[in-house]
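Structure assessment
Single-letter residue listing:
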Amino acid sequence: MSFGYQVLGFGSGGGGVVYEVTYLVVAGGAGGGAGGGGGAGGFRTSEDSSPMEIEAGDYTITVGSGSGPVPGNDSSPRAGNSVFNTITSTGGGGSGYGNPEEDGGSGGVQNGLGNTPPVTPSQGNNGGPQIQSGGGGASQAGQDNSPAGGAGGNGRDSSVSGSSVEYAGGGGGGGYIPNTAPGPARDGGGAGGSRTGSGSNGTDGKGGGGGGMGQDGSPPNGKGGTGVVIVSAPADATLSVSPGTNTTATAPGGQKVATFTVSGTLTVS
């Protein structure tokens, strides 16, 4: 367990208290299109690298919105980014029928690129190759199951909150003739619609992509889920959040955890 320590400034007797924190930053998921599932929001976590050192103080947190829903054959735009300190996760890439598809944290269908802009480790994966494919997810590209709807790419687990939760799955594709089965939901992503059905929404707070409607489905397509930012600090830290929609808690190991489901301010002391 890491504890806060004092940073000594030159020519002075003290400085700010510094804490090692772990984080999860998931962007908003994109809405599905006519046929294809939306890409999941970018997924970045210190579990892939190392804790971040931050000084006591105030930090602006941005939680990305999900994009969509859009009617008919319109293309869903890229979803909103999520930001904590130096870490930005890119919103998921949207999908649409026969239109140029969006790149993003994870890409929309017809080969929308994931991990855009590129970071290491990767924040997401590409969308599937066909109109009715699934959107990309945090740990897997969108799947093609032509002519049925393809599954969205799998998301990823994170334990920054103190328990293991799955985030950032891609949206499923809608059903097409002659096989009308829709693509299933994946880790917060919405399921695709049957041939005559609508896509379902991605889960808010998980950054999942929205599902695409079927070939003869009724609009709208599935909306992308909002993102989330979670910061875990040592037990000797104090965390407070605003607005009150966001929450703080103590994890089983004693760490202090702040969870942001809307944009706001984190105060570390």
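The following paragraphs examine the structure supplied in this document.

Procedures and definitions
- Residues numbered from 1 in each chain as written.
- Predicted model: local features only at pLDDT ≥ 70, side-chain atom pairs only at ≥ 80, totals over all residues.
- Heavy atoms only, no water.
- Helix = DSSP H or I, 4+ residues; strand = E, 2+ residues; numbered from the N terminus.
- Rg over C-alpha atoms; globule rule 2.2 N^0.38 Å.
- Buried < 20%, exposed > 50% of the residue type's maximum accessible area, 1.4 Å probe, protein only.
- Pairing = 2+ DSSP bridges.
- Phe/Tyr/Trp six-rings, centres within 6.5 Å; stacked < 30°, edge-to-face > 60°.
- Axes fitted to C-alpha atoms, helices over the stretch in contact; angles between N-to-C directions.
- Core = buried A, V, L, I, M, F, W, Y, C linked by side-chain atoms within 4.5 Å.
- Contact = heavy atoms within 4.5 Å.
- Salt bridge = Lys/Arg side-chain N within 4 Å of Asp/Glu carboxyl O.

It is worth spelling out the overall build of the chain at this point. The helix and strand inventory of the chain stands at 0 helices and 14 strands. When the elements of the chain are put in sequence order from the N terminus, they spell out β-β-β-β-β-β-β-β-β-β-β-β-β-β. Here the C-alpha atoms of the chain give a radius of gyration of 19 Å, agreeing with the 18 Å that 2.2 N^0.38 yields for 269 residues. With the C-alpha coordinates aligned to their principal axes, the bounding extent of the chain is approximately 75 × 30 × 25 Å.

The next subject is the pairing of strand β10 (residues 228-233). Among the 6 residues that make up β10, 6 are buried, leaving the element largely enclosed by the rest of the structure. Alternating residues of β10 divide into Val228, Ile230 and Ser232 and Val229, Val231 and Ala233, and every residue in both groups is buried. Relative to β10, strand β2 (residues 17-26) is paired through 5 bridges, and the arrangement is antiparallel. Within the sheet, the bridge partner assigned to Thr22 lies in β10 and is Ser232. Direction of pairing for β10 relative to strand β13 (residues 256-260): antiparallel, over a ladder of 5 bridges. Along β13, the bridge assignment pairs Val231 with Ala258.

Under the definition given, this model contains 2 aromatic pairs. Considering the side-chain rings of Tyr23 and Phe84, the 6.2 Å spacing of their centres and the 55° angle between planes classify their relative orientation as tilted. With a gap of 61 residues between them, Tyr23 in strand β2 and Phe84 in strand β6 (residues 82-84) connect regions that are remote in the sequence. For the residue pair Tyr23 and Phe84, the accessibility class agrees, reading buried in each case. Ring-pair connections join several aromatic residues into one group, and the members of that group are Tyr23, Tyr59 and Phe84.

Let us look at the pairing of β13. By the criterion of burial, β13 is predominantly enclosed, with 4 of the 5 residues buried. Across 4 bridges, the pairing between strand β12 (residues 247-250) and β13 is antiparallel. Its bridge partner lying in β13, Thr247 is registered against Thr259. Once β12 ends, the chain turns through 5 residues before running back antiparallel as β13, passing Gly254 with a positive phi of about 95°.

A separate point is the sheet that holds β6. Consider a sheet: its strands pair through backbone hydrogen bonds, and that pairing is either parallel or antiparallel. One open sheet accounts for 5 strands, arranged β7-β6-β5-β14-β11; its pairing is antiparallel. Two strands bound the open sheet, and with one partner strand each, they are β7 (87-89) and β11 (239-242). Sheet twist, expressed as the average angle between the axes of neighbouring strands with direction ignored, equals 15°. As defined by bridge partners, β6 adjoins β7 across 3 bridges and the pair is classed as antiparallel. The partner of Val83 across the bridge, within β7, is Thr88.

Core analysis: the largest hydrophobic core is formed by 20 residues, its most contacted members being Val21, Phe84, Val229 and Leu266. Excluding anything up to four places from it in sequence, Val229 contacts Leu24, Val25, Ile61, Thr62, Val63, Ser82, Val83, Phe84, Ala258, Thr259 and Phe260. Judged by nonpolar contacts, the second largest core, of 12 residues, contains Leu24, Val26, Val228 and Val257.

Before going further, it helps to examine the pattern of salt bridges. Across all of its chains, the model carries 3 salt bridges by this definition. Across the salt bridge formed by Arg195 and Asp216, the nearest N and O atoms sit 2.7 Å from each other. Residue Arg195 is found in the loop between β9 (165-167) and β10, and its partner Asp216 is found in the loop between β9 and β10; the two are separated by 21 residues along the sequence.

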